[in-house]
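# Overview (structure and organization)
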Amino acid sequence: MTTRGSAEARRGLPAARPRRRAWLGAWLGPAALVGAIIALWQGAVMAFGIPHWKLPAPSTIAAELVASRGLFLHHTWVTLKEVSLGFGVALATGVLLAALIAYFRTFQRVAYPFVIASQTIPMVVIAPLLLVWVGYGLAPKIIVIVLIAFFPIVVNTVDGLRAVDPDMVHMMRTLGASRWQVFIKVQVPTSLPFLFSGTKIAITFSVIGAVIGEWVGASAGLGYLTSISVPLFLTARSFGAVLILAALGTALFLAVALLQRQALPWHEAQQRRQALEET
Amino acid sequence: MPPTTRLESARAMVPKLELAGIRKQFSFAGKTLPVLEGVDLSVEEGEFVSVIGPSGCGKSTLLNIMAGLEEPDQGTLCMDGADAAGRLGKVGYMPQKDLLLPWRNVLDNTILGPELQGVSRSRARQQALGLMERFGLKGFEGHYPFLLSGGMRQRAALLRTVLAGRDVILLDEPFGALDALTRSRLQEWLLELWSGLGKTMVLVTHDVDEATLLSDRVYVLTARPGRVKMVMPVALPRPRTLDMVTQPAFLSLKASLMTALREEDLRAQEEPWR
Ligand SMILES: Nc1ncnc2c1ncn2[C@@H]1O[C@H](COP(=O)(O)OP(=O)(O)OP(=O)(O)O)[C@@H](O)[C@H]1O
Ligand SMILES: [Mg+2]
């Protein structure tokens, strides 16, 4: 049977063959740039004799990453746990809020101002207060992440739910669709690419949120590790933790992008088609 | 003669769709724009009726009113002799844009009507698959809409409308965006389809050939505000074929439609404030 996303349906998409070479070209440039920066950095540290507690050379950071891998692994695991829990809650609340805002006019009027206002309160004010209210455990980190990450999800998803073609809604109405059916069968699918855009931002923000939460008060995690390493002049360790954080954020972002491509093949192919027509 | 036959013939006297004194105006930026000013129109069961008129005279508005997407400011609208207040969702409607859902493949687009009415997807798909060949979509059931040609998209949209199972189908310039060759091929195909389906159809078009070839009667609307300028019966024999368009009977019908349409188009040009 030809259900959505079946092999038969996917066979209908334009061939993606010439992409392998383009992929190589797209990554060669950035890789070369990163390589050059690392080489320059290494050269400068060695040439000017900069002490490692001021600015560690890339080789020193790499050595530290290998030497203390058990330590890094432990703290990475803690941060990853915070990020995935916090992001999960942010995604669930964000999507629910967006659906309620888009479906119920009254809910929009009541709730949307609060959603926006929540972003105007500086996190550096909230985070210490959270410590007072809920203590040092996992909870304050989760709350900080949710407060930062739910916003791009709500805003993007609300925009997506509203981005429907009114003619499409009319067409559905003439087929006998109820408002709820229009919502589920037209508005929700229309919003999915928007939801994914919001999610890409949110998952990156989640990593930042975890670091903020750990800086204010924690006993483990990569943010905590940087905060205790700097005063001890363990600068290479601090750099190593930051490097892992950056890799973590990038990997999570790419995972969402990959998931989007898998989940919305029609959107991906449609955009490719449009880009082709524009050239 | 058995009584049932008499009853049936009596019922056939009631028009399938009857509009009387339809008025509609739009308000925009403090100004009111009268679009329809007393339109009377009736369509018999199983009849094919076309509506032509200069651009902007209110053809789509009239069709939207028939579909139930708009309500008239004044006038009455009856279906099968009864007031048609709850007609939205009960009249088949094919808009000018195909409006296929980009995230559904062709098959799942065509079953939207039955699906919304609560028919199980697998049963609706079974029914749709049986019609794919007749709609020239065989082999494309699993394709996403953006991969289809314009003609195919329109046929898929029409299949979606037909599968919704309504007696009356309204078509708003269904072939307006297609090239001339594809258009005439689809006109011929629509002729054949209509005679097989036994549905009542109302077609809005700019194309005088199309109106003459397909219709039992053609309504010509005046320039905005739209009124019925003339109703022309098309007494050409059926089944009709595309090569009729060069026959004298066809050409004289077409000529009188053209004259009426030109007059109104000129009026619209001369009085652009209307
Ligand atoms: N919702 C609306 N609000 C305001 N004005 C409208 C609205 N819908 C239509 N109009 C106006 O009413 C007039 C008639 O529109 P309509 O689409 O019915 O014309 P039409 O005969 O179908 O034209 P065309 O042949 O170009 O499709 C136009 O001037 C249009 O701008
Ligand atoms: Mg129109």
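What you see is a predicted model; the values in this text were computed from it and never measured.

Attention shifts here to the overall build of chain B. Within chain B one finds nine helices and 10 strands. Each of the three principal axes of chain B carries a C-alpha extent, and together these read 55 × 50 × 50 Å. Across the 274 residues of chain B, 51% fall into the buried class. A fraction of 68% describes how many contacts in chain B between residues 6 or more apart in sequence connect residues 24 or more apart. A total accessible area of about 12000 Å² is found for chain B, and carbon and sulfur atoms account for 54% of it.

Let us now look at a positive patch on the surface. All names here are of chain A. Taken together, Arg105, Arg109, Arg162 and Arg179 make up a surface patch of like positive charges. Tracing the chain through its elements places Arg162 in helix 7 (residues 138-162). Exposure remark for Arg162: the relative accessible area of 42% places this residue in the partly exposed category.

Further remarks concern the packing of aromatic side chains. Taken as a whole and assessed by the stated rule, the structure comprises 10 aromatic pairs over all chains. With a centroid separation of 5.0 Å and an interplanar angle of 75°, the aromatic rings of Tyr103(A) and Phe183(A) are classed as edge-to-face. Note that Tyr103(A) is positioned in helix 4 (residues 69-103) and Phe183(A) in helix 9 (residues 179-216), a separation of 80 residues in sequence. Given a relative accessible area of 16%, Tyr103(A) falls into the buried group. Between Phe48(B) and Trp194(B) the ring centres are 5.6 Å apart and the planes differ by 80°, which places this aromatic pair in the edge-to-face class. Of this pair, Phe48(B) sits in strand 3 (residues 48-52) while Trp194(B) sits in helix 7 (residues 180-197); the two residues are 146 residues apart in sequence, bridging distant segments of the chain. Overall, Trp194(B) belongs to the buried group, its relative accessible area being 9%. Grouping aromatic residues by their ring pairs yields a cluster made of Tyr103(A), Phe104(A), Trp180(A) and Phe183(A).

Residues and elements named next belong to chain A. Its location among the elements puts Thr76 in helix 4. With a relative accessible area of 15%, Thr76 lands in the buried category. Beyond its immediate chain neighbours, meaning those up to four positions away, Thr76 contacts Leu222 and Ile244.

The next subject is the pairing of strand 2 (residues 31-43) of chain B. All names here are of chain B. Here strand 1 (residues 17-28) runs beside strand 2; their pairing, made up of 10 bridges, is antiparallel. Directly across from Lys24, in strand 2, lies its bridge partner Leu36. Between strand 1 and strand 2, which pair antiparallel one after the other, the connecting turn spans two residues, and Ala29 there sits at a positive phi close to 50°.

Bringing the site of ligand 1 into the picture now. Residue and element names in this part refer to chain B. With respect to spatial proximity, 13 residues lie near ligand 1, and among them Ser55, Lys59, Ser60, Thr61 and Arg224 are the closest. With respect to ligand 1, the side chain of Ser55 contributes an N or O atom lying 2.8 Å from an oxygen atom. With respect to ligand 1, the side chain of Thr61 contributes an N or O atom lying 2.5 Å from an oxygen atom. Calculation on ligand 1 without its partners gives an accessible area of 640 Å², and the protein chains cover 64% of this total. Looking at the shell around ligand 1, the elements that each hand over two or more residues are strand 2 and helix 2 (59-67). A class-by-class count of the residues in the shell around ligand 1 yields four nonpolar, six polar and three charged.

Looking now at the sheet that holds strand 4 (residues 74-79) of chain B. Reading across the sheet, the four strands line up as 2-1-4-5 (chain B) and stay open at both edges, with antiparallel pairing between neighbours. In this open sheet, the two edge strands, each paired with only one partner strand, are strand 2 and strand 5 (82-83) of chain B.

Moving on to the pairing of strand 10 (residues 228-233) of chain B. All names here are of chain B. Summarising the sheet, strand 9 (residues 217-221) and strand 10 pair through five bridges and their orientation is antiparallel. Its bridge partner being in strand 10, Arg217 is matched across the sheet by Pro233. The hairpin formed by strand 9 and strand 10 contains six residues between the paired strands.

The next thing to look at is the confidence of the model for chain A. Summary statistics for chain A give a mean pLDDT of 90 and a share of 93% for residues scoring 70 or more. The model gives residues 1-16 of chain A a pLDDT under 50, and that stretch makes 34 contacts with residues more than four places away or in other chains.

Once that is clear, we can look at the interface of chain A and chain B. On the chain B side, the residues contacting the 31 residues of chain A number 31 residues. Here chain A is connected to chain B by three salt bridges. Across the salt bridge formed by Asp165(A) and Lys97(B), the nearest N and O atoms sit 3.2 Å from each other. Where chain A touches chain B, the interface holds four residue pairs in polar contact (both at pLDDT 80 or more).

Glancing now at the sheet that holds strand 6 (residues 92-94) of chain B. Strand pairing in a sheet takes place through backbone hydrogen bonds and is either antiparallel or parallel in direction. Residues and elements named next belong to chain B. In space, the six strands of this open sheet follow the order 6-7-8-3-9-10, with mixed pairing throughout. Of all strands in the sheet, those with a lone pairing partner are strand 6 and strand 10, marking the two edges. Along the sheet, successive strands turn relative to each other by an average axial angle of 15°, direction set aside. When strand 3 meets strand 8 (residues 200-204), the two strands line up parallel, connected through four bridges. From the neighbouring strand, Phe48 faces strand 8, where its bridge partner is Met201.

Before going further, it helps to spend a moment on the packing of helix 4 of chain A against helix 11 (residues 235-263) of chain A. All names here are of chain A. It is at 11 Å that the axes of helix 4 and helix 11 come closest, and there the two elements cross at 40°. Comparing their axes, helix 11 and helix 4 come out oblique. As helix 4 packs across helix 11, the resulting crossing turns out to be right-handed. Residues Leu71, Phe72, Thr76, Thr79, Leu80 and Val83 of helix 4 pack against Arg237, Gly240, Ala241, Ile244, Leu245, Leu248 and Leu252 of helix 11.

Quick notes on the rules
Residues numbered from 1 in each chain as written. Chains lettered and ligands numbered in written order. Predicted model: local features only at pLDDT ≥ 70, side-chain atom pairs only at ≥ 80, totals over all residues. Heavy atoms only, no water. Helix = DSSP H or I, 4+ residues; strand = E, 2+ residues; numbered from the N terminus. Buried < 20%, exposed > 50% of the residue type's maximum accessible area, 1.4 Å probe, protein only. Contact = heavy atoms within 4.5 Å. Areas by Shrake-Rupley, 256 points an atom, 1.4 Å probe, with all protein chains shown as cover. Patch = residues over 30% accessible without salt bridge, like charges linked within 9 Å, V, L, I, M, F, W, Y side chains within 5 Å. Salt bridge = Lys/Arg side-chain N within 4 Å of Asp/Glu carboxyl O. Lys, Arg positive; Asp, Glu negative; His and termini not counted. Charge placed at Lys NZ, Arg CZ, Asp CG, Glu CD. Phe/Tyr/Trp six-rings, centres within 6.5 Å; stacked < 30°, edge-to-face > 60°. Pairing = 2+ DSSP bridges. Near = heavy atom within 4 Å. Polar contact = N/O pair within 3.5 Å; in protein donor to acceptor, adjacent residues only side chain to side chain. Nonpolar A, V, L, I, M, F, W, Y, C, P; charged D, E, K, R; others polar. pLDDT = per-residue confidence, 0-100. Axes fitted to C-alpha atoms, helices over the stretch in contact; angles between N-to-C directions. Parallel < 35°, antiparallel > 145°, perpendicular 65-115°, else oblique. Left-handed = near helix turned anticlockwise from the far one by under 90°.

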